[in-house]
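Secondary and tertiary structure notes
One-letter residues, chain by chain:
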Amino acid sequence: MKIQQREKDGICIFELSGDLDFHSSPELREKLHAMTDKQVPKVLINLKKVNYIDSSGLATFVEVLQRIKKYNGKLVLTDLVPSVRGVFEIAKLDSVFSLAKSEQEAAQFLS
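The paragraphs below set out a description of the structure included in this document.

Basis of the calculations
- Residues numbered from 1 in each chain as written.
- Predicted model: local features only at pLDDT ≥ 70, side-chain atom pairs only at ≥ 80, totals over all residues.
- Heavy atoms only, no water.
- Pairing = 2+ DSSP bridges.
- Helix = DSSP H or I, 4+ residues; strand = E, 2+ residues; numbered from the N terminus.
- Axes fitted to C-alpha atoms, helices over the stretch in contact; angles between N-to-C directions.
- Contact = heavy atoms within 4.5 Å.
- Core = buried A, V, L, I, M, F, W, Y, C linked by side-chain atoms within 4.5 Å.
- Buried < 20%, exposed > 50% of the residue type's maximum accessible area, 1.4 Å probe, protein only.

1. A word on the sheet that holds strand β2 (residues 11-17)
Judged by pairing direction, the sheet is mixed, and its five strands sit side by side in the order β1-β2-β3-β4-β5 without closing on themselves. In this open sheet, the two edge strands, each paired with only one partner strand, are β1 (2-8) and β5 (98-100). For this sheet the average axis-to-axis angle between neighbouring strands, irrespective of direction, equals 25 degrees. Two strands pair when backbone bridges link them, and strand β3 (residues 42-49) and strand β4 (residues 74-78) are joined in this way by five bridges, in the parallel orientation. Within β4, the position partnered with K42 by the bridge is K74. Relative to the sheet, helix α1 (residues 25-37) contacts β1, β2 and β3, its axis offset from that of β2 by approximately 175 degrees.

2. Thoughts on the environment of I11
In this structure, I11 sits in strand β2. Counting along the chain gives 30 residues from I11 to P41, while the straight-line C-alpha distance between them is 7.8 Å.

3. Focus: the nonpolar core
In this structure, M35, I45, F61, L77 and F88 are the most contacted members of the largest nonpolar core, which totals 29 residues. When residues of this core are traced back to their parent elements, those giving at least two are β2, α1, β3, α2 (55-70), β4 and α3 (82-90). The element best represented in this core is α2, accounting for five residues. The residues touching M35, leaving out its near neighbours within four places in the chain, are C12, F14, V40, V43, V64, I68 and Y71. Core analysis: the second largest hydrophobic core is formed by seven residues, I13, L44, V76 and A100 among them.

Nothing here speaks to function; it is all geometry.
Here it is as structure tokens:
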């Protein structure tokens, strides 16, 4: 998995590419923990280039959402491909997370 991080208009953006699974989720968890330790208020995670996610990937997102909520931050996941969105729907997490179709739509959720 490749993880790119950037900031735009006060939003911390993570762009992920590759599979988010048991092997790659610890690295993502570490980067997201570092960000939540700084209490970054607005976080967007772009999943456009992620074609596969397993339960450890989902657990990573649930964990970071809980950490962000503790300091009243906001998290939006965006650009989910149908296979990844389906995993969120099967796990009933599509109602727990803010899911956006694009970074522009996500920015509106974060304003």
